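Fold and geometry: a report
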Amino acid sequence: MTSTLQEGILVGCGNPLLDISAVVPLNFLQKYSMNEDDAILAEDRHMPIYGELVEGYQAEFLAGGSVQNSLRIAQWILRQPRVAVFFGCVGEDRYAGILKEKAQAAGLDVHYQVKRDVPTGTCAVLITGTHRSLCANLAAANNFTIDHLEEPSNKALVDNAQYYYISGFFLTVNPPSIMQVAATAHAKQRPFLMNLSAPFISQFYMAPLLAALPYVDIIFGNEAEAQAFAEAQQWPSGDLREIGKRLVAMEKKNPARPRIAILTQGCDPVLLIQQDSVQEFPVTKLAVHEIVDTNGAGDAFVGGFLSQFVQGKSLDVCIRCGNYAAGHIIKNPGCTYSGEPEFVE
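What you see is a predicted model; the values in this text were computed from it and never measured. (Residues numbered from 1 in each chain as written. Predicted model: local features only at pLDDT ≥ 70, side-chain atom pairs only at ≥ 80, totals over all residues. Heavy atoms only, no water.)

Regarding the packing of aromatic side chains
Applying the stated rule across the entire model yields 15 aromatic pairs. With a centroid separation of 5.4 Å and 65° between ring planes, the pair formed by Phe144 and Phe170 is classed as edge-to-face. Here Phe170 lies in the loop between β9 (163-167) and α7 (175-187) and Phe144 lies in the loop between β8 (131-137) and α5 (147-150), a separation of 26 residues in the sequence. Across the pair, exposure class does not vary: Phe144 and Phe170 are buried alike. Each ring, one from Tyr324 and one from Phe343, has its centre 6.0 Å from the other, and the planes form 40°; the classification is tilted. Here Tyr324 is found in helix α13 (residues 315-330), whereas its partner Phe343 is found in the segment after α13, with 19 residues between them in sequence. (Phe/Tyr/Trp six-rings, centres within 6.5 Å; stacked < 30°, edge-to-face > 60°. Helix = DSSP H or I, 4+ residues; strand = E, 2+ residues; numbered from the N terminus. Buried < 20%, exposed > 50% of the residue type's maximum accessible area, 1.4 Å probe, protein only.)

If you want it as structure tokens, here you go:
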């Protein structure tokens, strides 16, 4: 990193979750009616998963939650602490302590809302071969309220930021907070970035997603998420480029800054879709033995992208750094990194 960035230039809101990650047999998924590569919210029938992983498998605890992951990765690449501020809700327990410690160690400036009567959220990361399946018990994360953002010190952080990033996952928690941050970004003419996050968001939370979308300057998603959005909108869902073009063309509050869609597709090229163009950015394919865990690749991509975007770099540099970060994360368990970042423009 060449120049020093303003502290708190980037604000993110999301669900701070402690990932409980373990390699499990396929019948473990079947037992809980889950499929490989699922990303779901826990129902009552899933609640025993977390204890079972800790007791019966070699479970690792990793700081998780999509936005918090992305901001940790951005911080790692930037090598300057407190560039990013994170808001989310935790309980008052040991897991919250682990999360805060890991987030701060990564350089993140966390401002958790704390709810005493609810446990910190957890996410089971079930690894079967190169597949990973996620089952999130949001718990305290689900209790985030807009008054936390309205506290004067937190409001100042939101007002002072130059960039804003929120996951689609947060739509299940507190849409009013998303709309407030979106309105702030719009009023100050600052970029507001969002992620489609998972197919179930488009399937079950389309109304709050559509309310936020007019404010969104850059929308991220992978092929499954984009297809789920297209199906929910009753668009033809076969062609990712076409879906991206339609996403870009949807209503926008600030037409002077046309929306951009960035769609990832695993080891196939990343698509950068703008009003009048579609560009492809190749992904370096990894050998099977290099792939440790694909969990967090999407979060890492956004983290790499953000690390360059907040420095005012061009979109192609941002995307190449996204691909670098995702490739690095896949070689490590969970959304974790090792060593010094080696991204070169």
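Next comes the rest of the account.
Regarding the pairing of strand β11 (residues 218-222)
Counting buried positions along β11 gives four out of five residues, so the element sits mostly inside the fold. With three bridges joining them, strand β10 (residues 192-195) and β11 adopt parallel strand pairing. Paired with Leu193 across the two strands is Ile218, which belongs to β11. Taken together, the five bridges between β11 and strand β12 (residues 260-265) define a ladder with parallel strand orientation. From the neighbouring strand, Ile218 faces β12, where its bridge partner is Ile260. (Pairing = 2+ DSSP bridges.)

Concerning the pattern of salt bridges
Scanning the entire structure with this criterion turns up 11 salt bridges. When the shortest N-O distance is used, the salt bridge between Arg257 and Asp217 registers 3.2 Å. You can see Arg257 sitting in the loop between α11 (240-249) and β12 and its partner Asp217 sitting in the loop between α9 (206-212) and β11, a full 40 residues away along the chain. For Arg257, a relative accessible area of 27% gives the class partly exposed. For Asp217, a relative accessible area of 6% gives the class buried. The structure contains a network of salt bridges with shared partners spanning Glu7, Arg82 and Asp109. (Salt bridge = Lys/Arg side-chain N within 4 Å of Asp/Glu carboxyl O.)

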